[in-house]
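Per-entry structural report
Read off the chains here:
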Amino acid sequence: MSTSHLQLEAQTEPAFRVERRPAVEGGDLLEVSMGPQHPSTHGVFRMDVVLDGERIVKLKPVFGYLHRNHEKIAENSTYLGSMPYTDRLDYFCSLTNNWAYALTIEKLAGLQAPERAEYIRVITAELTRLQNHVCLIGFLLQDMGASGTPLMYAFREREAILDLFESLTGARMMCNYMRFGGCRVDLPAGWLEQASRVVDRFPRFLEEFDRLISGNEILAARTQGVGVLPRELAINASITGPVLRASGVNYDIRKVDKYGIYDRFAFRVPLGDHGDVYDRYMIRVLEMHESLAILRQAIRDIPPGPIMDPKAKIRGFKPKAGEAYGRIESPKGELGFYVISDGSPNPHRYRVRPPSLINLTVLEDMCLGQTVADSVIILGSIDIVLGEVDR
Amino acid sequence: MEPLEQLIARINSTFPGSEVSLMPNDAPSSQTSLLVSRKDGRRVAEFFKSDSLLRMDFLSNLTGVDWPDTVTKQKIKTKRNVDGVEKEIEETVETRKPGFLEVVYHLYSMELQHGPLIFRMRTENRVDGVHLPSLTPVWRGAELQEREVFDLYGVRFEGHPDLRRLLMWETFEDHPMRKDYVEPDDYEFEPTAHDEVLTKAKAYDSCAVALRT
Amino acid sequence: MMDEGLRRELSRQGIFTTTLEGLYNWGRKNSIWPLQFGLACCAIEMIAASMARFDLARFGAEVFRPSPRQADLMIVAGTVTKKMAPQVVRLYNQMPEPKYVIAMGACAISGGPFKQGYNVLKGIDRYIPVDVHIPGCPPRPEALLHAFMTLQKRIDQQRLTGPSSPRHLKESEPSEFPIPAFGAHDLTPGKNPALWSPPKIIRGS
């Protein structure tokens, strides 16, 4: 261990900053590099932390340990060729990633997915949201020290949803299912019944999980008032998704853009009051209930019909020169794709707007003045996946 | 949201002498954008954020685009006097358009729930004139994204609080998302070699020649 | 070595005999503690393998250790980027012998779908020796279980003496490998020539 007298002041002042506590007069500071191999950083993420005792006085995230050059590879391959790569962005939520990309290219080329495909997209996306949120809560509790049990329960439910994905798309995680103007294959026989069984069973699990966790004294002590993110800072720093809504901002792209057919479903947007870790946890629990409501309506209403836009071309797909930005509410936040076409078979510019990365902008602000142990759960509550942070 | 033409007029009346123009977009997405000059970037951005009709409080996406130098060849027929006889000569004229780096911003309003408002700024060239004003002081959300653009494209954002490489290591020297970036030659050929991979393979090993058959 | 017939005869009489080598390998193969170390997508399947449905505990391998000092096995689960490669080698060097490596997934084997990437290492075996490769993107948890069984079989067959003894028992074999450095354009060196050389393809007519 080495102590160092680092400069406490940031080199220059960002636009907005939470007030930081001054270091103890004359005290030594300890510099710790957490990661890239660290059991609590959810992958290969690194935080360079400067500590005054146990309090964090400076925290700099270091990125790039999983920078797999997705954008560069996509600019050298065809439009459809990038679809399997989108699976590997946020590898918990391959289907929502597919949807965001398909949506963007549909905007770029003027395609429209048929009714049934839109319903399938909503069903698979909400199932994805369920399994993402349930795993996130499992990991968050694991970070808090509830070793094993909650995560085991979470993965048990996740497996039921992955079985659905596997029977639909052929893969557990990397589904590669959506296409420009529709979906790849239709639902197999009996799939909807199986899905509705999973959906019906889920509330029982949520209730059990809730009884196990939500009222827990340790959870409350560890999370309430920890890692508070003020509303103004959240907006200014482009935070999106459950983290933004936990700070009380009513902004859900499913409601704002009404992409796909989300205007047909009745669902509520849960909002937090305090913007602390507990709110971010509760928002996810409540969102799961809303996802279940959407799923019940979608499974009830799904019409028969084609699943591909007849105008869509799979081979030799060359959109006209132009550009499009499409975005969806992925379980992590606003997932956007920005594509510039120059009329050739591969895009001139292909950009992923990663919610996980941008939500990390405020990690330091939330951690300053907190203890090291808190930084772990604050990071856990942001819900990052390194495949998307570094791409 | 108001039409972009009207918005340009409003910007011009607020900041006389500012250079803002409309960029067409032929795609069915019809997301047209504004091209803002470097010198006006900062104040126009602040105008977008504070104007009561726009209230663009949310910088959703910020990204770089590389436009390399383009050379267009055009054949022009000219009449010229050669040895006293007038002849029609075909000449190839090369027009060289210098490249530039471009940064595109997608803005939304959380307060008024509208958007996107897209604007872009361009650097002078791709070599030494790669400076643009940083918008991190306006929207904190630009912080990491500007660092990424600096890392991968080499755009220098003036006024950024902490402009370091985001993804690659600090001693790395290239800007890999540029179109003319040459990647390190570090992967061997595959058994199903063809096209470029085959050329690469042949350079490694004479055995690879057998692959053609 | 005891005669197989005598051993069977003794076992019928209720006397269990074994060799020291057999006992040693039996103990080792049933308590392989992996390093808790996930790189990318494959790590999620690795976690899934350790959860209730696939139950890695059946192989005595559910004890994921956060510290390399306590681990026997490194599962390289996911894409190794050039920025991460020095850390992976460093972690391997910090593990005590005997140590094993499973390269899980296409990326860890060869760069996989991201092979064209400028920041992607084209296979971890360029820097450290790999015992078991699992193809797949990502491999299913069952594939990881299969890799475990393969590794267990290998450990069981290891001779503790003689010329065919495993790497960790040979004085001359290195247990640590050089860590690559960040260069201006690439990692330097790009591979460990003692471990890895480009494959040569020889095709028959």
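It should be emphasised that the depicted structure is a prediction, and the values quoted were computed from it without experimental measurement.

**Notes on the interface of chain A and chain B**
The interface of chain A with chain B comprises 51 residues on the first partner and 51 residues on the second. Buried area between chain A and chain B, both sides added, is near 4,000 Å², and the carbon and sulfur share of it is 53%. Considering only the surface of chain A that becomes buried against chain B, Glu323, Tyr325 and His348 of chain A emerge as the three largest contributors, covering 15% of it. Along the contact surface separating chain A from chain B lie five salt bridges. There are 30 residue pairs in polar contact (both at pLDDT 80 or more) connecting chain A and chain B. Of all the secondary structure elements, the ones that give two or more residues to the side of chain A that touches chain B are α1 (70-75), α3 (94-109), α8 (231-236), β6 (322-330), β7 (333-341), β8 (349-353) and α12 (355-359) of chain A. Ranked by residues supplied to the side of chain A that touches chain B, first place goes to β6 of chain A with five residues. Considering only residue class, the side of chain A that touches chain B consists of 23 nonpolar, 12 polar and 16 charged.

**Some words on the sheet that holds strand β3 (residues 132-134) of chain C**
All names here are of chain C. What the three strands build is an open sheet, ordered β1-β2-β3; its pairing is parallel. Every interior strand has two partners, whereas the edge strands, β1 (73-77) and β3, have only one. Geometrically, the sheet is characterised by an average inter-axis angle of 15° between neighbouring strands, direction not taken into account. Bridging between β1 and strand β2 (residues 100-104) involves five bridges; their strand directions are parallel. Looking at the pairing, isoleucine 75 lines up with isoleucine 102 of β2. Helix-sheet contacts for helix α3 (residues 41-50) involve β1 and β2, and the interaxial angle to β1 is about 130°.

**Considerations on the pattern of salt bridges**
All names here are of chain A. Enumeration over the complete set of coordinates arrives at 59 salt bridges over all chains. Measuring nitrogen to oxygen at the nearest pair gives 3.9 Å for the salt bridge that ties glutamate 208 to arginine 156. Placement of glutamate 208 in helix α6 (residues 191-213) and of arginine 156 in helix α5 (residues 149-169) is noted, with a sequence separation of 52 residues between them. What makes glutamate 208 partly exposed here is its relative accessible area of 31%.

**A closer look at the pairing of strand β6 (residues 100-109) of chain B**
Consecutive side chains of a regular strand alternate in pointing toward one face of the sheet and then the other. All names here are of chain B. When you tally the buried positions in β6, you get 10 out of 10 residues, the bulk of the element. Burial of the side chains of β6 extends over both faces: Phe100, Glu102, Val104, His106 and Tyr108 are buried on one face and Leu101, Val103, Tyr105, Leu107 and Ser109 on the other. Alignment of strand β3 (residues 58-67) against β6, held across nine bridges, turns out to be antiparallel. When the sheet's bridge partners are listed, phenylalanine 58 is paired in β6 with tyrosine 108. Pairing analysis gives seven bridges linking β6 to strand β7 (residues 114-122), with the strands arranged antiparallel. Each bridged residue has a counterpart across the sheet, and for leucine 107 the counterpart in β7 is leucine 117. If you look at the hairpin formed by β6 and β7, you'll find four residues sitting between the two strands, and glutamine 113 has a positive phi there, around 50°.

**Observations concerning the confidence of the model for chain B**
Residues and elements named next belong to chain B. Predicted confidence across chain B gives a mean pLDDT of 84, with 87% of residues reaching 70 or more. Every residue in residues 208-213 scores below 50 in pLDDT, and together they form 12 contacts with partners more than four places removed in sequence or on other chains. Interface confidence in the predicted complex, given as ipTM, is 0.85; pTM for the same model is 0.88.

**Concerning the packing of α5 of chain A against α6 of chain A**
Residue and element names in this part refer to chain A. Two elements in contact, α5 and α6, have axes separated by 11 Å at closest approach and are oriented at 170°. Here α6 runs roughly antiparallel to α5, going by the angle between their axes. Together, Pro150, Tyr153, Ala154, Arg156, Glu157, Ala160, Ile161, Asp163, Leu164, Ser167 and Leu168 of α5 and Trp191, Gln194, Ala195, Val198, Arg201, Phe202, Phe205, Glu208, Phe209, Leu212 and Ile213 of α6 make up the contact between the two elements. Along the lines of polarity and charge, the residues of the contact of α5 with α6 split into 15 nonpolar, two polar and five charged.

**Here we look at helix α4 (residues 85-94) of chain C**
Each α-helix winds once per 3.6 residues, and so residues spaced three or four apart point in a common direction. Residue and element names in this part refer to chain C. Taking burial as the measure, the 10 residues of α4 include eight buried ones, the bulk of the element. Every buried residue belonging to α4 is among Ala85, Pro86, Gln87, Val88, Val89, Leu91, Tyr92 and Asn93, and all of these are buried. For α4, the secondary structure elements touched by its buried residues are β1, β2, β4 (181-182) and β5 (187-188).

**Topic: the side chain of aspartate 151 of chain B**
In this structure, aspartate 151 of chain B sits in helix α3 (residues 142-153). Residues within four places of aspartate 151 of chain B in sequence aside, it is in contact with Arg165, Leu166, Leu167, Met168, Asp174, His175 and Pro176 of chain B.

**Side note on the packing of aromatic side chains**
Counted by the stated rule, this structure contains 30 aromatic pairs over all chains. Where phenylalanine 139 of chain A meets phenylalanine 155 of chain A, the ring centres are 6.1 Å apart and the plane angle is 90°; that geometry is what we call edge-to-face. One end of the pair, phenylalanine 139 of chain A, is in helix α4 (residues 115-144); the other, phenylalanine 155 of chain A, is in helix α5, with 16 residues separating them in the sequence. By the burial criterion, phenylalanine 139 of chain A is buried, and phenylalanine 155 of chain A matches it. Cluster of aromatic residues (ring-pair linked, three or more members): Tyr79, Tyr101, Phe180, Phe317, Phe337 and Tyr350 of chain A. The ring centre of tyrosine 108 of chain B lies 3.5 Å from the NZ or CZ of arginine 327 of chain A, which sits over that ring. One Lys or Arg, lysine 99 of chain C, reaches over the ring of tyrosine 92 of chain C and ends 4.2 Å from the middle of that ring.

**A few points about the environment of proline 84 of chain A**
With respect to the helices and strands, proline 84 of chain A occurs in helix α2 (residues 83-87). Counting along the chain gives 190 residues from proline 84 of chain A to histidine 274 of chain A, while the straight-line C-alpha distance between them is 39 Å.

**Here's the deal with the nonpolar core**
Core analysis: the largest hydrophobic core is formed by 209 residues, its most contacted members being Tyr91 and Leu363 of chain A, Leu34, Phe48 and Phe119 of chain B together with Met74 of chain C. In terms of residue count, α4 of chain A provides more of this core than any other element does, 15 residues in total. Ile32, Leu144, Ala147 and Ile155 of chain C belong to the second-largest nonpolar core, a separate cluster that totals 23 residues.

So, how was this worked out
- Residues numbered from 1 in each chain as written.
- Chains lettered and ligands numbered in written order.
- Predicted model: local features only at pLDDT ≥ 70, side-chain atom pairs only at ≥ 80, totals over all residues.
- Heavy atoms only, no water.
- Contact = heavy atoms within 4.5 Å.
- Buried area = accessible area lost by both parts, 1.4 Å probe.
- Salt bridge = Lys/Arg side-chain N within 4 Å of Asp/Glu carboxyl O.
- Polar contact = N/O pair within 3.5 Å; in protein donor to acceptor, adjacent residues only side chain to side chain.
- Helix = DSSP H or I, 4+ residues; strand = E, 2+ residues; numbered from the N terminus.
- Nonpolar A, V, L, I, M, F, W, Y, C, P; charged D, E, K, R; others polar.
- Pairing = 2+ DSSP bridges.
- Axes fitted to C-alpha atoms, helices over the stretch in contact; angles between N-to-C directions.
- Buried < 20%, exposed > 50% of the residue type's maximum accessible area, 1.4 Å probe, protein only.
- pLDDT = per-residue confidence, 0-100.
- Parallel < 35°, antiparallel > 145°, perpendicular 65-115°, else oblique.
- Phe/Tyr/Trp six-rings, centres within 6.5 Å; stacked < 30°, edge-to-face > 60°.
- Lys NZ or Arg CZ within 6 Å of the ring centre and 35° of its normal.
- Core = buried A, V, L, I, M, F, W, Y, C linked by side-chain atoms within 4.5 Å.

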